[in-house]
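# Inside the fold
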Amino acid sequence: MTDSIMSKAATMEIPINSNGDTGTLPEDDSLEQAAKLQWSLDEKDLQQVMVSGPNLNETSIVSGGYGGTAEGIIPTSSIKGSNMHHSSSSSSMMAEETTRGVAVEKLETVKKWGLNTYKCTKQMISERFGRGSRTVDLELEAQIEVLRDTKRKYENVLRLARALTNHFYNMVQTQHALGDTFADLSQKSPELRDEFGYNAETQKLLCKNGETLLGAINFFVSSINTLVNKTMEDTLMTIKMYENARLEFDAYRSDLEELSMGPRDAVAMARIEAAQQQYQIHKDKYERLRSDVTIKLKFLEENKVKVMHKQLLLFHNAISAYFAGNQQQLEQTLKQFNIKLRPPGADKPSWLEEQ
């Protein structure tokens, strides 16, 4: 009905008066009523859309063309929620897998350590009670024993040299105080001025020579300390690693021998193959460390002879010159071995030397 009225209104002519005003037609009322009717219908449709229209949070995405079935309609709220849930679950799964991987790795490390400790302990007990065999390198074992005995003796030399240094330092300090006292009495006792004077000079000379000898002895002690507590100790640490490798090698060797004497089924053959691999690994490690120990023992012996030759010559010449009262020879000995004495009051290094 509305369409017929609007089509009729569109085809009607509007008469114009001579003054340019539109004339009053009998059908104006019908046109006005039609316009009002159309406006009211449009307003009702708009209100209905505003009231019952879709919520923005529930907007749907329609797949396909207009008039498609409802199977292609996907609520956006469900898409948003599923994406968030999927991302959070993926991150949690990745974190869980990482944690599980670290835990498995630690478990495998502990398992290997426990198995290795068990085998080594078993081998150690078997060797101690004489039931197990051990790999022995007689020549190398003899050299190691000589080194340990030498280290004990050198430690004793170092202890005695330090004791001599402490006692001699106290004597030099006493001579210094005694010389100051003689000099003071020489000024206050005119009748004994000469006697106190030359005794004060003697004590000062002895104190000076004593400080020179202390410099030589301190250099001797420092060199022996480096030889014993650094060079020898480093070689003994390598020897300790070698002995641990020897114990591990014998433990896996005994394990392989026990498995080789057992049955030969599929499971046993797999174990024998794994034991053979472990045996080869520890054999290579043992031989490598044995070679390292042999080389270090050789270089240590050469270094020990060189260092001790120099230090024993220094000690002898310095002691002989001091007790002979030969000041020039004592000073020449320090120059020969490039020993520089610190001036009095320079016990603590400056901040430039500490950098």
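Below, the discussion takes up the overall build of the protein chain. On a plain count of helices and strands, the protein chain comes out with 8 helices and 2 strands. Scanning the protein chain from its N terminus toward the C terminus, one meets helices and strands in the order α-α-β-β-α-α-α-α-α-α. Across the protein chain, every contact between residues at least 6 apart in sequence was considered, and the portion connecting residues at least 24 apart equals 72%. Accessible surface for the protein chain amounts to roughly 25800 Å². Of this, 58% is attributable to carbon and sulfur atoms.

Close approach of charged atoms allows side chains with opposite charge to pair. Within the structure shown, the criterion is met by 13 salt bridges. For the salt bridge of Asp-234 with Lys-296, the shortest nitrogen-to-oxygen distance reads 3.0 Å. One end of the pair, Asp-234, is in helix H5 (residues 193–260); the other, Lys-296, is in helix H6 (residues 266–323), with 62 residues separating them in the sequence. Asp-234 gets classed as partly exposed once you look at its relative accessible area, which sits at 40%.

For the rest of this paragraph, the subject is H6. Over its 58 residues, H6 runs 83 Å from end to end, which matches the ideal 86 Å to within 8%, given 1.5 Å per residue. In the segment just after H6, Gly-325 is the residue with positive phi, at about 75 degrees.

This part covers the packing of aromatic side chains. By the definition in use, this model includes 7 aromatic pairs. On the basis of an interplanar angle of 20 degrees and a centroid distance of 5.6 Å, the ring pair of Tyr-242 and Tyr-286 is categorised as stacked. Within this pair, whereas Tyr-242 is found in helix H5, its partner Tyr-286 is found in helix H6, the two being separated by 44 residues in sequence. Each member of the pair Tyr-242 and Tyr-286 is classed as buried. With a centroid separation of 5.2 Å and 5 degrees between ring planes, the pair formed by Phe-249 and Tyr-286 is classed as stacked. With Phe-249 in helix H5 and Tyr-286 in helix H6, this pair connects stretches of sequence that are 37 residues apart. Judged by relative accessible area, Phe-249 falls into the buried class, the value being 7%. One aromatic cluster in this structure is built from Tyr-242, Phe-249, Tyr-279 and Tyr-286.

Moving on to the side chain of Thr-235. Relative to the helices and strands, Thr-235 resides in helix H5. In this structure Thr-235 comes out as buried when scored by relative accessible area, which is 3%. What Thr-235 contacts, discounting residues up to four positions off in sequence, is Leu-147, Lys-296, Leu-297 and Leu-300.

What follows concerns the packing of helix H4 (residues 138–188) against H6. Remark: H4 packs on H6, axes separated minimally by 12 Å, with the N-to-C direction vectors making an angle of 25 degrees. Here H4 is positioned roughly parallel relative to H6, judged by the angle of their axes. The handedness of the crossing between H4 and H6 comes out as left-handed. For the pair formed by H4 and H6, the contact residues are Leu-140, Gln-143, Ile-144, Leu-147, Thr-150, Tyr-154, Leu-164, Phe-168, Met-171 and Gln-175 on the first element and Arg-290, Val-293, Thr-294, Leu-297, Leu-300, Lys-304, Met-308, Phe-315 and Tyr-322 on the second. Among the residues making up the contact of H4 with H6, the classes are represented as 13 nonpolar, 4 polar and 2 charged.

Orientation of H4 relative to H5, taken along the N-to-C sense of each, is 160 degrees, at an axis distance of 7 Å. Taken together, H4 and H5 sit at an angle that is classed as roughly antiparallel. The handedness of the crossing between H4 and H5 is left-handed. Grouping the amino acids of the contact of H4 with H5 by side-chain chemistry returns 31 nonpolar, 14 polar and 11 charged.

A few words on the environment of Ser-223. Its place among the elements puts Ser-223 in helix H5. Taking C-alpha positions, Ser-223 is 9.6 Å from Leu-158, a pair spaced 65 residues apart along the chain.

Next up on the list: the confidence of the model for the protein chain. On average, residues of the protein chain score 78 in pLDDT, and 71% of them are at 70 or above. Across the protein chain, element-level confidence peaks in H4 with a mean pLDDT of 95 and bottoms out in helix H8 (residues 351–354) with 40. In this model, residues 49–80 is a region of pLDDT below 50 whose contacts with residues beyond four sequence positions or in other chains number 17 contacts. Throughout residues 347–355 the model reports pLDDT below 50, and contacts reaching past four residues in sequence, or to other chains, amount to 3 contacts.

So, how was this worked out
Residues numbered from 1 in each chain as written. Predicted model: local features only at pLDDT ≥ 70, side-chain atom pairs only at ≥ 80, totals over all residues. Heavy atoms only, no water. Helix = DSSP H or I, 4+ residues; strand = E, 2+ residues; numbered from the N terminus. Contact = heavy atoms within 4.5 Å. Areas by Shrake-Rupley, 256 points an atom, 1.4 Å probe, with all protein chains shown as cover. Salt bridge = Lys/Arg side-chain N within 4 Å of Asp/Glu carboxyl O. Buried < 20%, exposed > 50% of the residue type's maximum accessible area, 1.4 Å probe, protein only. Expected span 1.5 Å × (residues − 1). Phe/Tyr/Trp six-rings, centres within 6.5 Å; stacked < 30°, edge-to-face > 60°. Axes fitted to C-alpha atoms, helices over the stretch in contact; angles between N-to-C directions. Parallel < 35°, antiparallel > 145°, perpendicular 65-115°, else oblique. Left-handed = near helix turned anticlockwise from the far one by under 90°. Nonpolar A, V, L, I, M, F, W, Y, C, P; charged D, E, K, R; others polar. pLDDT = per-residue confidence, 0-100.

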